[in-house]
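Overview (structure and organization)
Here is what each chain is made of, one letter per residue.
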Amino acid sequence: MKFSRRTAAVAVVASTASLALVLSGCSSDGGSGNGDEKITLTITTFGTMGLDGLYAQYEADHPNITIKATNIDTGGNALTDWKTKQASGGLPDIQAVEEGWLGSVMEVSDSFTDLRDYGADDIKDRWVDWKVGQATDPDGRIIGYGTDIGPQGLCYNGKLFEAAGLPSDREGVAELFGGADASWDKFFEVGKTYHDATGKAFYDQSGFIWNSFVNQQEEGYYKKDGSLNIEGNKTLENFWMQLADAQKAGLSANQAQWDWGGGQAFVDGTFAVFVCPGWMLGVVKGQVEAGGGDATSGWDFADVFPGGASNWGGSFLTVPTSSKHPKEAAELADWLTQAKQEVASFQAAGAFPSVLEAQTDPGVTGESELTKFFNNAPVGEILASRAEGVVAQFKGPDDALIQEQVVGPARTALDAGSADGPTSWNTLIDTLHQLIG
Amino acid sequence: MTTTSPATRASTSKSALSLRQRLNRADVKYSPYVYVAPFFILFGLVGLFPLVYTFVVSLNDWDLLKGAGDWVGFDNYAIELADPWFWNSLFNTFSIFLLSAIPQLIAATFIAAVLDQNLRGKSFWRLSVLLPYVVTPAAVALIFSSIFSEQYGLVNNLLGSLGLDPVLWKHDTFPGHFAIATMVNWRWTGYNALILLAAMQAVPTDLYESAALDGAGRIRRFFSITLPSIRPTFIFVLITATIGGLQIFTEPKLFDATRATPGGAYHQFETTTLYIWNMAFNQDRFGRAAAIAFILLVIIVLIGLVNYFLSKGIATNETKVSRRRAAKRLERHRAAGRAAVPASIEIQQER
């Protein structure tokens, strides 16, 4: 590899540790934004990661760098996008990768830049250790910088709870669901109480409840040795039956995931609770606003989660080896995951930082747009409390495919009431055999 | 003329050719190939190469991310032909195709007939029917997806206000096909109407006039003159609609866009092209996807052949009819002529 004067100059700007210093030896005009060649960095993100506001700032600090950002609506679509480009070319300089499809990524981890070449070892203490562990491939190469993690709390609509005669303040709600001993049994029980009082559904659809439960297990769709863990798994099957019973009792609103009638279901009282990993808070806010609501719509965030600590999602920024500017890309990824920037993206979208320093930052624990939206709930503190005890789960190569194409159809049938628990579970197992083997 | 035999002439001229002459000869001989080469080079690059490549891929256990795997011969084809999801996708494709093509062509013919009348502001009306065609399929799909939303959509709201049950557009098979066919119709009816209109305008007006003199009404004239006259164009429209219909992708893909399983929750409107895409880019099975693509190719070729013979049959029918008529007329003429002035007929025939 040869390094141009420009790369060296930029390296100084970013001041990333020793490597940059060595390179700058051959460049005398190093300094902020003195790069003589314009570089365009492309970055692909998805959902609401809260990074959009940061690009302009980076561009202002680095005049020779232009950032072309693409944001894809959902993680599922982003996965397809990545796979297509992984196979045919056209990957961006920075590719955001979701925890759920990390298994696929690890299959081809050698097509991602080993960030240790750009100083990853020097900064890896920045993150919670399991986040770095997830981004490390079997050969010990670090291929991604952690952005957020997804500790889950419970979003609920205080107004609807009040109307149903249930406690509506955060402490009361946490207590209602069982506080530290909150269980799924208790969750469904409260749901039935709510349904009896109002005749309305309790949650939007069963898919996210199912995700949360699976993510909570020590082993999810895969065992740690990489073998499948679905057929004959009584824990999963029993929970599936519980979901079927709850559906029969009218607890599911059978909403379309990620659609929710363009957000209307969030404001018209269709359902009253919603499982919320940190990044989902931004989604809820966006949906409520799309549906014509605002902070007065009643959504709140409680420090409780059925079945204990659960992590759903969270992402990484990777640099595909196809990038022409891996060094600059790695620097941008580094910068975007620094404590200050993670605090900013938390405030924008609720993406709870995977960086330790950011987790205790007043910007996270204090007030923000998000806390105002969620009835002044201290969302940062709550998420930090929800993050305690989270264990990273092993994700196999087909984790995302199982989630979406094996569980998806069976779950839809269950929510629509067109198949009962055992029937839909059998559908699920059949589909599993067809698609995965 | 000299008496030199062709053989000697050739041999002497060959040795005596100057460079210029030889270049000239090469020009005559080879440059036509150079002139047609761009097409074949382009075709080779973007047509033939992908075709052959896809075929090679289809014979391998090819993974999207990990690349070529083991050589498996025609196993991929065997697996697909036995896969119920493959047949499901074919059923969906043909169902949506029929639901869209038939009403679309009927409506297009009707609209073309209306536009063919003496309307005020002709250009305005003609441009208006083409307007949906300008909108990209993705935008069409998003708009219709919202209109056909189950719990919040316009259609179900209207049905509800009429006291009818909501229709599960995104969960039931037939309503889903209907909704997607609606999108296709919305986009393509005007386009086809304009093509048919052009054909209608080429029908000679004296045919209508003489028919009107013979007492044929508007409807009779439409069915007995307009429709037979535009038959070749109609077949063209039918063929393009078939090709488009068998490759329908965007509409079913975006109809339930947030769903992770493409083509609906239960694959109930997963068309074959969508099935190929899902196989390749969600399930990573590139080899099997290539095999399906080839099976689809064979199906389209078969349908193309049916179309070909159909249109050929109709074309020969027409010439047959006109030949028969000409022969009959000639016969009558002859018979009449023989009676009166046979000589003049002979002369006419000489000409």
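The structure presented is a predicted model; accordingly, all values stated were derived computationally and were not measured. (Residues numbered from 1 in each chain as written. Chains lettered and ligands numbered in written order. Predicted model: local features only at pLDDT ≥ 70, side-chain atom pairs only at ≥ 80, totals over all residues.)

What follows covers the overall build of chain B. Scanning chain B from terminus to terminus reveals 15 helices and 0 strands. Taken over 351 residues, chain B has a buried fraction of 29%. In chain B, 67% of the contacts between residues at least 6 apart in sequence involve partners at least 24 apart. (Helix = DSSP H or I, 4+ residues; strand = E, 2+ residues; numbered from the N terminus. Buried ≥ 20, exposed ≤ 12 C-beta atoms within 10 Å, placed from the backbone. Contact = placed C-beta atoms within 7 Å.)

In terms of nonpolar packing, the biggest core is built from 117 residues, with Leu 154 and Val 284 of chain A touching the most fellow members. A domain split of this core shows at least three residues from each of domain 1 (5-149 + 313-364) and domain 2 (151-311 + 392-435) of chain A. Among all residues touching Val 284 of chain A, those that are not within four sequence positions of it are Cys 155, Phe 266, Phe 274, Cys 276 and Trp 299 of chain A. Ranked by size, the runner-up nonpolar core spans 33 residues in total, among them Leu 99, Leu 115, Met 183 and Ile 230 of chain B. (Core = buried A, V, L, I, M, F, W, Y, C linked by C-beta atoms within 7 Å. Domains from an automatic or database assignment.)

Let us now look at the UniProt feature "domain: ABC transmembrane type-1" (unreviewed entry) in chain B. Here, the residues flagged by UniProt with the feature "domain: ABC transmembrane type-1" (unreviewed entry) are residues 90-307 of chain B. Between the first and last C-alpha atoms of residues 90-307 of chain B the distance is 19 Å; the span itself is 74% helix and 0% strand. (UniProt positions renumbered as here; feature names shortened; annotations may be inferred.)

Below, the discussion takes up the environment of Ile 96 of chain B. Residues and elements named next belong to chain B. Within the fold, Ile 96 resides in helix α4 (residues 84-115). C-beta crowding within 10 Å serves as the criterion here: with 25 such atoms nearby, Ile 96 is assigned to the buried category. Distance in space between the C-alpha atoms of Ile 96 and Leu 246 is 8.9 Å, their sequence separation being 150 residues.

For Trp 258 of chain A, which is not glycine, the phi torsion reads 60 degrees and is therefore positive. Its location among the elements puts Trp 258 of chain A in the loop between α12 (234-248) and α13 (264-267). Backbone geometry at Asp 284 of chain B places phi at a positive 65 degrees, although glycine is not the residue there. Counting through the fold element by element, Asp 284 of chain B comes out in the loop between α13 (272-281) and α14 (286-339).

Within chain A, residue pLDDT values average 89, and 92% of them lie at 70 or more. Confidence drops under pLDDT 50 across residues 1-34 of chain A; counting only partners more than four residues distant or on other chains, this segment forms 51 contacts. (pLDDT = per-residue confidence, 0-100.)

Bringing the pairing of strand β1 (residues 39-46) of chain A into the picture now. For a regular strand, the rule is simple: side chains alternate between the two faces of the sheet. All names here are of chain A. Two elements, β1 and strand β2 (residues 65-72), share 8 bridges in a ladder whose sense is parallel. The residue bridging Thr 45 from the neighbouring strand is Asn 71, located in β2. With helix α3 (residues 52-61) bridging β1 and its parallel neighbour β2, the resulting β-α-β unit is right-handed. Note that β1 and strand β3 (residues 94-98) share 2 bridges and pair parallel. By the bridge assignment for β3, Thr 44 is matched with Gln 95. (Pairing = 2+ DSSP bridges. Right-handed = clockwise from strand over helix to strand, strands pointing away.)

The subject of this paragraph is the pairing of strand β7 (residues 311-318) of chain A. Residue and element names in this part refer to chain A. For β7, the tally of buried residues reaches 8 of 8 residues, placing the bulk of the element in the interior. Across 4 bridges, the pairing between β3 and β7 is antiparallel. Bridge pairing in β7 links Val 97 to Phe 316.

With that out of the way, let us pick up the domain arrangement of chain A. Residue and element names in this part refer to chain A. Partitioning chain A into domains gives domain 1 (5-149 + 313-364) and domain 2 (151-311 + 392-435). Counting residues at the interface gives 24 residues for domain 1, matched by 19 residues for domain 2. Counting residues per element, the ones that place at least two in the side of domain 1 that touches domain 2 are α4 (75-88), α5 (102-107), α7 (129-134), β4 (144-157) and β7. Each residue belonging to the side of domain 1 that touches domain 2 can be placed in one class, and the counts come to 8 nonpolar, 13 polar and 3 charged. (Nonpolar A, V, L, I, M, F, W, Y, C, P; charged D, E, K, R; others polar.)

It is worth spelling out the confidence of the model for chain B at this point. Looking at chain B as a whole, its pLDDT mean stands at 86, while 88% of the residues score no less than 70. Across residues 342-351 of chain B, confidence stays below pLDDT 50; counting only partners more than four residues off in sequence or on other chains, it has 4 contacts.

Residue and element names in this part refer to chain A. Where helix α21 (residues 399-416) meets helix α22 (residues 421-435), the closest approach of the two axes is 9 Å, and the angle between their N-to-C directions is 155 degrees. When the axes of α21 and α22 are compared, the pair comes out roughly antiparallel. Like other packed secondary-structure pairs, α21 and α22 cross with a definite hand, here right-handed. Residues Leu 401, Gln 405, Val 406, Val 407, Pro 409, Ala 410, Ala 413 and Leu 414 of α21 touch α22, and the partners they reach there are Ser 424, Trp 425, Thr 427, Leu 428, Thr 431, Leu 432 and Leu 435. When the residues that make up the contact of α21 with α22 are grouped by side-chain class, the tally is 11 nonpolar, 4 polar and no charged. (Axes fitted to C-alpha atoms, helices over the stretch in contact; angles between N-to-C directions. Parallel < 35°, antiparallel > 145°, perpendicular 65-115°, else oblique. Left-handed = near helix turned anticlockwise from the far one by under 90°.)

All names here are of chain A. The end-to-end C-alpha distance of helix α14 (residues 278-290) is 19 Å, a good match for the 18 Å that 13 residues give at a rise of 1.5 Å each. A large share of α14 lies buried, amounting to 10 of its 13 residues. Residues of α14 that are buried: Gly 278, Trp 279, Met 280, Leu 281, Gly 282, Val 283, Val 284, Lys 285, Gln 287 and Val 288. Just past α14, the residue Gly 292 takes up positive phi, approximately 90 degrees. (Expected span 1.5 Å × (residues − 1).)

A word on the interface of chain B and chain A. How big an interface is tends to be expressed through the accessible area that disappears when the partners come together. Contacts between the two partners involve 16 residues from chain B and, on the opposite side, 25 residues from chain A. Partitioning the side of chain B that touches chain A into residue classes produces 7 nonpolar, 7 polar and 2 charged.

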